[in-house]
Amino acid sequence: MCGIVGYIGNKKATDVLVDGLSKLEYRGYDSAGVAVFDEEEIKVRKYKGRMAVLEEHLKEEDLKGTIGIGHTRWATHGEPSDRNSHPHTNVSGSIALIHNGIIENYMKLKEWLIETNGDHFKSETDSEVIAHLIDYYYKGDLLDAVYKAIEKMEGAYAIGVICKDEPDKIVAVRKDSPLIVGLGENENFIASDIPALLKYTRDMYLIENDEVVLLTKEGVIIFNELRQEVKRDVFKVTWNAEAAEKEGYEHFMMKEINEQPKGIHDTLHRRLDKDDHIVLDGIQLTKEDLDKINKVYIVACGTAYNAGLVGKYAIEKFAKIPVDVEVASEFRYKEPFIDDKTLFIAVSQSGETLDTLAALREAKRKGARVLSVVNVVGSSVSRESDDVFYTWAGPEIAVASTKAYTTQLVSMYLIALHMATTKGSLEEAEYKKIITELKSMPDKVQKILDDTKNIQQIADENFNHENAFYIGRGIDVNVAYEGSLKLKEISYIHSEAIAAGELKHGTIALIEEGRMVVALATQDRLYQKMLSNIQEVRARGAYVIAVAKEGNKEIEKVADKVIYIPDTMDELTPILSVVPLQIFSYYIAVARGCDVDKPKNLAKSVTVE
Ligand code: M6R
């Protein structure tokens, strides 16, 4: 979703803004712009298209100003266009504003502003309303005008505002959209996300909901909604800027696929003591806590939801506790059976997904205890949860989740195993066997990554399909969902995943000569059944790419192509079988000439409903 950056200091603002915005490109956008206080006026430059378009225009003139705001827009209200892009201004151009989020009552506010001041709106956006509203309340005090404006606004927003008549400050606000402040020496920053500022500082303030921030060159003051000053500890970012760079890879996605052995290793080993017991450091999952729980709800979106499905399998299998898994956008508007005996697990890489956050709040309201599985330290989901189980994937920049998924899987297994051993539903010997196998996962994933020629070749031979089906049984079907999502989101091939046994109840009608079917056949227990399903589609002309455990030569007789994964216990195959599917999708997307890291219409962090 939209990215925002603001700068006040001694550097040329456009340099900092462009640099910061380029680090937020992964969030997804269709236009970019800046507003800079330069030669006693606010100059706005904004264009539809990629950052490069903005950069080209900025090269044509020398904006020397040292205070400014910048924005990458992901269109919600109004088409992607120059005039709908941010920053937006008031009529005279003395106030400029950037906004991430959605103003739900903007129509009402717009009508009221038109009645009061006449129709001076230049765009179709909800955001422009905020600039006019601040202007309406402006009587020489920007901070006061912003406070009055946000009283009237409903919805989600992170905003940054500058004013020609008070050129020594930026005012920023956060409500349900991410906002951080970067702290420098004689310079300060705002941004939607940490990577935008890492080149300049690792000292940050994580801004809370309903807080208003006043930034000058010399300092930063945070106020609460009652206009009282609040103290905030400095958050020190421990990872470096290189972690968010491509480091020689053509795309972030491939870099992140290759970082999976490390992510899996780190996520696992941070939670194991020297005797391989799981250490949860304060996370409330003791025997007494578990005795109070009669149900687990896992709620998430997209890839994180797919990881939640594996979590359900693991918790039910090892800990014998019933689990419901729900997509967050549906959960919110249902009437889920949740009470103080429910453990609610929110899974989110970014920790900023609005649907997940809203579901979490709903669960808390109903009395559930909330444990989140989150990658981004200090994100909204992590802050609003009772307990946090961090994944150690490191920053994930590509829109398509890869290392977030595998580290979420490891986290779900650890949570399930901890519940099982605490409750006594798993024998120590079985536990040891599983942990030993989990510890071998980084090497086994590495083995897949060390030889991807076969996968690339299959992708190169099949990139021109327009439809694909992913099938599997048992835990394999959960990986089929993730493989299918990966393919469609980055290659734009229509793809559908289905439990193999369900094919004959409808979907098999779509299987015809040459139809691509990716069949996961890694489950020993269900293998014969899966083989029959593969034969069913083959009999109707399907082109079958099977994923199987190494050593399974039989499958070569029924599938057109086979991709092997190292042998492992059935319960843990998702950590391995998803990897070739990620690589397959990647090479297909590359062969189709797609923008792998920034697929059209998608955003990394989905901060609107
Ligand atoms: O940041 P989150 O894990 O909450 O994001 C949820 C989904 O938007 C996300 O997993 C999305 O489906 C993936 N980027 C797809 O690869």
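Residues numbered from 1 in each chain as written. Predicted model: local features only at pLDDT ≥ 70, side-chain atom pairs only at ≥ 80, totals over all residues. Heavy atoms only, no water.

Brief notes about the packing of helix H17 (residues 475-491) against helix H19 (residues 573-591)
For the pair H17 and H19, the least separation of the axes is 9 Å and the interaxial angle reads 20 degrees. The angle between H17 and H19 falls in the class roughly parallel. Regarding H17 and H19, the two cross each other, and that crossing is right-handed. Contact with H17, carried on its side by Ile475, Asp476, Val479, Glu482, Gly483, Lys486, Leu487, Ile490 and Ser491, involves Thr573, Pro574, Ser577, Val578, Leu581, Gln582, Ser585, Tyr586, Ile588 and Ala589 of H19 and no other residues of that element. Along the lines of polarity and charge, the residues of the contact of H17 with H19 split into ten nonpolar, six polar and three charged. (Axes fitted to C-alpha atoms, helices over the stretch in contact; angles between N-to-C directions. Helix = DSSP H or I, 4+ residues; strand = E, 2+ residues; numbered from the N terminus. Parallel < 35°, antiparallel > 145°, perpendicular 65-115°, else oblique. Left-handed = near helix turned anticlockwise from the far one by under 90°. Contact = heavy atoms within 4.5 Å. Nonpolar A, V, L, I, M, F, W, Y, C, P; charged D, E, K, R; others polar.)

Considerations on the sheet that holds strand E5 (residues 88-89)
Ordered in space as E5-E6-E7-E8-E12-E13-E14, the seven strands form an open sheet in which the pairing is antiparallel. Strands with a single pairing partner mark the edges of an open sheet, and in this sheet they are E5 and strand E14 (229-230). One ladder, built from four bridges, connects strand E12 (residues 211-215) with strand E13 (residues 220-223); its direction is antiparallel. Bridged to Val213 within E13 is Ile222. Against the sheet, helix H5 (residues 142-152) makes contact with strand E7 (155-163), strand E8 (170-175), E12 and E13, and its axis sits at roughly 160 degrees relative to E7, the strand it touches most. (Pairing = 2+ DSSP bridges.)

A look at the side chain of Asp289
Along the chain, the position of Asp289 falls in helix H8 (residues 287-291). It is Lys292 that comes nearest to the buried, bridge-free Asp289 among opposite-charge side chains, at 4.1 Å. At a separation of 3.3 Å, a polar atom in the side chain of Asp289 contacts the main-chain amide nitrogen of Leu285. If we skip the residues at most four places from it in the chain, Asp289 touches Gln284 and Arg369. (Buried < 20%, exposed > 50% of the residue type's maximum accessible area, 1.4 Å probe, protein only. Lys, Arg positive; Asp, Glu negative; His and termini not counted. Salt bridge = Lys/Arg side-chain N within 4 Å of Asp/Glu carboxyl O. Polar contact = N/O pair within 3.5 Å; in protein donor to acceptor, adjacent residues only side chain to side chain.)

A closer look at the packing of helix H7 (residues 260-269) against helix H13 (residues 403-423)
Packing of H7 against H13 brings their axes to within 9 Å, and their N-to-C directions diverge by 25 degrees. Taken together, the axes of H7 and H13 lie roughly parallel to each other. The crossing of H7 and H13 is right-handed. Of the residues in H13, those touching H7 at Gln260, Gly263, Ile264, Thr267 and Leu268 are Lys403, Thr406, Thr407, Val410, Ser411 and Leu414. Partitioned by chemical class, the residues of the contact of H7 with H13 number four nonpolar, six polar and one charged.

Comments concerning the domain arrangement of the protein chain
Considered domain by domain, the protein chain is made up of domain 1 (3-238), domain 2 (244-439) and domain 3 (453-591). Averaged C-alpha coordinates put domain 2 and domain 3 at centres separated by 26 Å. Of the roughly 2200 Å² buried at the junction of domain 2 and domain 3 (both faces included), carbon and sulfur atoms supply 70%. It is Met254, Tyr313 and Glu437 in domain 2 that bury the most area against domain 3; as a group they hold 22% of the surface buried on that side. (Domains from an automatic or database assignment. Buried area = accessible area lost by both parts, 1.4 Å probe.)

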